[in-house]
Amino acid sequence: ACTGIENIDEAITLLEQNNWDLVAAINGVIPQENGILQSEYGVETLHGPAYGPTSHSAAASSAPSSSSAFRHVVPSRQIVERQPRMLDFRVEYRDRNVDVVLEDSSAVGDIKHILENELQIPASKMLLKGWKTGDVDDSTVLKSLHLPKNNSLYVLTPDLPPPSSSHSGALQESLNQNFMLIVTHREVQREYNLNFSGSSTIQEVKRNVYDLTSIPVRHQLWEGWPPSATDDSMTLAVSGLTFPCHRLTVGRRSSPVQTREQSEEQCTDVHMVSDSDGDDFEDATEFGVDDGEMFGVASSALRKSPMMPENAENEGDALLQFTAEFSSRYGDCHPVYFIGSLEAAFQEAFYGKARDRKLLAIYLHHDESVLTNVFCSQMLCAESIVSYLSQNFITWAWDMTKEANRARFLTMCTRHFGSVVAQTIRTQKTDQFPLFLIIMGKRSSNEVLNVIQGNTTVDELMMRLMAAMEIFSAQQQEDIKDEDEREARENVKREQDEAYRISLEADRAKREAQEREMAEQFRLEQIRKEQEEEREAIRLSLEQSLPPEPKEESTESVSKLRIRTPSGEFFERRFLASSKLQVVFDFVASKGYPWEEYKLLGTFPRRDVTQLDPNKSLLEVKLYPQETLFLEAKE
């Protein structure tokens with residue numbers, strides 16, 4: 001996370017070189033990755049490519065600028081350097097060949113910048129061809145191209161006209177000439193006679209003048225440069241200077257706020273803090289940081305608006321202004337600040353699931369501290385720090401410059417962390433700011449793991465963040481274990497409750513089914529009873545409506561019928577031969593065998609009597625004088 005090394009073999013090799021001392025191994029790698037090396041004299045920044053063209057004609061002339069602000073610092077003995085892979089390039093341009101040696105961590109644009117100084121061609125006009133992987137852009141890292149050690153390239157300049165041989169020869173002659181620059185320091189009325197080769201750049205002249213006059217390049221106000229000298233990267237040969245001697249005048253750019261004596265006094269104070277030469281930060285503008293910003297010189301001219309409004313009613317609105325002002329001062333590469341109240345930041349960091357919880361980092365800003373701008377621009381905005389914070393922390397910020405905002409935060413601090421932590425912050429002096437508080441949420445309280453002051457380095461800040469993460473990770477694992485066990489118990493309880501609910505549902509469904517079945521049985525029984533009662537009433541009615549059975553000694557013709565039931569029983573009755581067949585049907589129905597459900601069959605011959613006309617007499621249907629019939633249920 002902090003070194004960017006993904007190759008495990010490379011990581012193990014570095015650890016073995018440092019006797020498996022993790023801190024020493026990381027210290028040996030971070031400076032080379034981020035351009036920052038830690039020495040016994042403090043933190044200094046590397047500037048410019050480590051390697052240039054082997055045939056650079058301006059090598060000698062650049063020697064006077066070796067004392068410029070950003071220079072190479074020899075790392076301490078505890079730092080073990082990785083041996084970079086060097087790549088050799090032979091670049092052909094028209095009738096010239098330039099040899100360039102670069103680390104494989106450099107970009108294609110670095111080659112163009114070296115060729116720009118060597119060939120005197122703007123990098124934006126170059127087309128660098130000859131790549132085996134096809135065309136690449138200036139931001140492509142050489143390592144990603146998997147190049148061999150020796151490579152051949154060529155430069156095309158389609159936007160530039162081909163120079164004549166006489167012009168090319170004149171340019172080469174100008175590059176080899178020496179220019180005498182007579183520079184007058186306006187404030188002290190002193191002249192300096194400086195010799196520069198034609199291949200030297202205007203920037204190199206300005207840096208050398210800074211060494212003589214102590215006027216930083218960004219504060220130099222010049223007179224006498226030719227109108228064609230519009231770019232500091234331009235060489236003296238093509239700038240239009242008068243050969244062999246040219247007069248220039250330099251002075252300090254006036255400041256509307258502070259006098260030179262105040263500026264010198266501030267610079268003296270800064271030197272006491274940084275323990276380094278004043279020229280160590282000569283090119284601080286390359287990082288987008290102004291002279292006062294680099295050393296924390298607080299002045300109303302350098303800050304257009306406060307980081308946070310005084311007596312802000314809404315903390316979210318105050319944090320929005322803080323984030324916008326921070327971006328305007330130090331760039332967009334900075335930690336992502338949580339927009340909301342401190343309580344909301346607690347909720348976001350501490351009160352989610354154990355696996356989603358993070359540490360809370362509280363950044364306390366103070367504009368009047370001399371350390372603030374160095375801490376913000378070089379440490380808090382370092383890519384490694386920003387990446388590590390975004391992955392593992394919720395970052396919340398507050399401005400302690402205004403007394404009202406300071407009192408408000410101390411009140412919040414007392415409420416959430418207790419009076420001891422609030423008193424610790426209250427006793428911090430202005431020059432000890434900014435502060436970085438690392439907070440870890442616990443079950444019953446919030447614990448302050450670390451209070452990091454502004455006088456630190458990127459390496460030390462990263463180490464303390466990683467140490468806090470180790471403590472938090474151990475606590476988080478315990479919380480995850482407890483949470484998993486609690487969820488397991490709750491799952492078992494939920495499963496038991498669900499099984500019990502399902503059992504109750506089943507019992508209730510069974511009971512309801514039984515009740516429905518009983519109700520249905522009762523309904524059917526009622527219907528059956530009603531049907532039986534109805535049939536009985538019909539039977540009795542038919543029985544009562546039957547004519548009386550004639551006697552045997554009756555003088556009228558009598559037919560005797562013997563009827564067999566499906567159960568094998570027999571019943572007999574006498575009917576008058578003149579009686580209608582319907583009377584027989586009514587008699588059978590009165591015995592419980594209605595003719596709608598049963599049919600009455602004759603034996604010899606077999607016939608269905610119920611199919612005969614019921615209005616005919618027994619004599620007519622040949623059921624006289626006697627007949628045996630049997631009942632059969634209809635299908």
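The protein is annotated in an unreviewed UniProt entry as FAF1 factor of Rhadina sibilatrix.

Q: I'd like a description of the pattern of salt bridges, backed by residues and values.
A: All told, the structure shown has 29 salt bridges when counted by the stated rule. Salt-bridge contacts for R90 lead to D99; the nearest nitrogen and oxygen are separated by 3.3 Å. In this structure, the salt-bridge partner of D479 is R357, at a minimum N-O distance of 3.5 Å. Here D479, found in helix α14 (residues 458-545), pairs with R357, found in the loop between α9 (342-350) and β11 (359-365); they are 122 residues apart in sequence, far enough to count as distant. Judged by its relative accessible area of 24%, R357 is partly exposed. A single network of salt bridges, built from pairs that share partners, joins E325, R329 and D367.

Q: Residues and numbers for the side chain of T457, please.
A: Within the element layout of this structure, T457 appears in the loop between β14 (446-452) and α14. Within polar-contact distance, the side chain of T457 engages the backbone nitrogen of E460 at 3.1 Å.

Q: Could you give an account of unusual backbone geometry, naming the residues involved and the relevant values?
A: Geometrically, the link from F243 to P244 is a cis peptide bond, its omega value of 10° lying close to zero. Residue P434 is bonded to the preceding F433 through a cis peptide linkage, with omega at 0°. Positioned with a positive phi, Q120 is a non-glycine residue whose angle comes to about 60°. In this fold, Q120 is placed in the loop between α3 (108-119) and β5 (127-129). Here Q189, not a glycine, exhibits a phi torsion of approximately 55°, which is positive. Mapping Q189 onto the fold places it in the loop between β7 (178-185) and β8 (190-197).

Q: Break down a nonpolar patch on the surface for me, citing the residues and quoting the values.
A: Together, I8, I12 and W20 give the surface a local cluster of nonpolar side chains, amounting to about 330 Å² of exposed area. Inspection of the secondary structure assignment puts I12 in helix α1 (residues 8-17).

Q: Summarise the side chain of N392; cite the residues concerned and give the values.
A: Tracing the chain through its elements places N392 in helix α11 (residues 383-392). A residue is classified by how much of its surface remains accessible, and N392, at 17% relative accessible area, is buried. Of note is the side chain of N392, whose polar atom sits 3.1 Å from the backbone oxygen of Y388. Discounting residues that sit within four places of it in the chain, N392 has contacts with K358, L359 and M469.

Q: Help me get a handle on the sheet that holds strand β9 (residues 220-223), residues and values and all.
A: On the basis of which strands lie adjacent, the open sheet formed by 4 strands has the order β8-β7-β10-β9 and mixed pairing. In this open sheet, the two edge strands, each paired with only one partner strand, are β8 and β9. The average undirected angle you get between the axes of adjacent strands in this sheet is 30°. Two strands pair when backbone bridges link them, and β7 and β8 are joined in this way by 8 bridges, in the antiparallel orientation. Considered in β8, the bridge of I182 is made with N193. Relative to the sheet, helix α5 (residues 202-213) contacts β7, β8, β9 and β10 (245-252), its axis offset from that of β8 by approximately 145°.

Q: Let's hear about the nonpolar core: which residues, and what values?
A: Counting 64 residues, the largest nonpolar core has L360 and W396 as its most contacted members. For this core, the element with the most residues is α14, which contributes 9 residues. Among residues more than four places away in sequence, those in contact with L360 are L342, A345, F346, A349, F350, F393, I394, W396, L437, I438 and I439. Listed in part, the 21 residues of the second largest apolar core include L87, M126, L145 and L153.

Q: Could you give me a rundown of the environment of L342, with the residues and numbers involved?
A: Its location among the elements puts L342 in helix α9. Here L342 falls in the buried class, since its relative accessible area comes to 0%. Remark: the alpha-carbon pair of L342 and W396, spanning 54 residues in sequence, is separated by 7.4 Å. Leaving out residues up to four positions away in the same chain, L342 has contacts with E315, L360, I362, W396, M412 and H416.

Q: Please provide a residue-by-residue account of the sheet that holds strand β17 (residues 598-602), values included.
A: Strand order in this open sheet of 5 strands is β16-β15-β19-β17-β18, and the pairing throughout is mixed. Each having just a single partner strand, β16 (570-576) and β18 (607-608) make up the two edges of the open sheet. Sitting on the sheet, helix α15 (residues 581-590) is in contact with β15 (558-564), β16, β17 and β19 (626-633), with an inclination near 150° to β16.

Q: Outline the confidence of the model for the protein, supporting the account with residue identities and numerical values.
A: If pLDDT is low for a region, its predicted coordinates should not be looked at in detail. In this model, the protein carries an average pLDDT of 79, and 81% of its residues clear a pLDDT of 70 or more. Segment residues 32-81 is flagged for pLDDT under 50; beyond a separation of four residues in sequence, or across chains, it makes 105 contacts in the model. Segment residues 256-303: pLDDT under 50, and 85 contacts once partners within four positions in sequence are set aside and those in other chains are kept.

Q: Explain helix α8 (residues 315-330) to me, and be specific about the residues and the numbers.
A: Taking 1.5 Å of rise per residue, the 16 residues of α8 would be expected to cover 22 Å, and the 22 Å separating its terminal C-alpha atoms lies within 8% of that figure. Sitting at the amino-terminal end of α8 is N314, which places a side-chain oxygen 2.8 Å from the backbone nitrogen of G316. At the exit of α8 stands G331, carrying a positive phi of roughly 95°.

Q: Give me the lowdown on α3, citing residues and values where you can.
A: Taking 1.5 Å per residue, 12 residues should reach 16 Å; α3 reaches 16 Å between its end C-alpha atoms and fits that length. Listed in full, the buried residues belonging to α3 are V108, G109, I111, K112, I114, L115, E118 and L119. Those residues of α3 that are buried are in contact with β3 (86-93), β4 (96-103), β5 and β6 (150-156). In the stretch just after α3, Q120 is the one whose phi turns positive, near 60°.

Analysis parameters
Residues numbered from 1 in each chain as written. Predicted model: local features only at pLDDT ≥ 70, side-chain atom pairs only at ≥ 80, totals over all residues. Heavy atoms only, no water. Salt bridge = Lys/Arg side-chain N within 4 Å of Asp/Glu carboxyl O. Helix = DSSP H or I, 4+ residues; strand = E, 2+ residues; numbered from the N terminus. Buried < 20%, exposed > 50% of the residue type's maximum accessible area, 1.4 Å probe, protein only. Polar contact = N/O pair within 3.5 Å; in protein donor to acceptor, adjacent residues only side chain to side chain. Patch = residues over 30% accessible without salt bridge, like charges linked within 9 Å, V, L, I, M, F, W, Y side chains within 5 Å. Areas by Shrake-Rupley, 256 points an atom, 1.4 Å probe, with all protein chains shown as cover. Contact = heavy atoms within 4.5 Å. Pairing = 2+ DSSP bridges. Axes fitted to C-alpha atoms, helices over the stretch in contact; angles between N-to-C directions. Core = buried A, V, L, I, M, F, W, Y, C linked by side-chain atoms within 4.5 Å. pLDDT = per-residue confidence, 0-100. Expected span 1.5 Å × (residues − 1).

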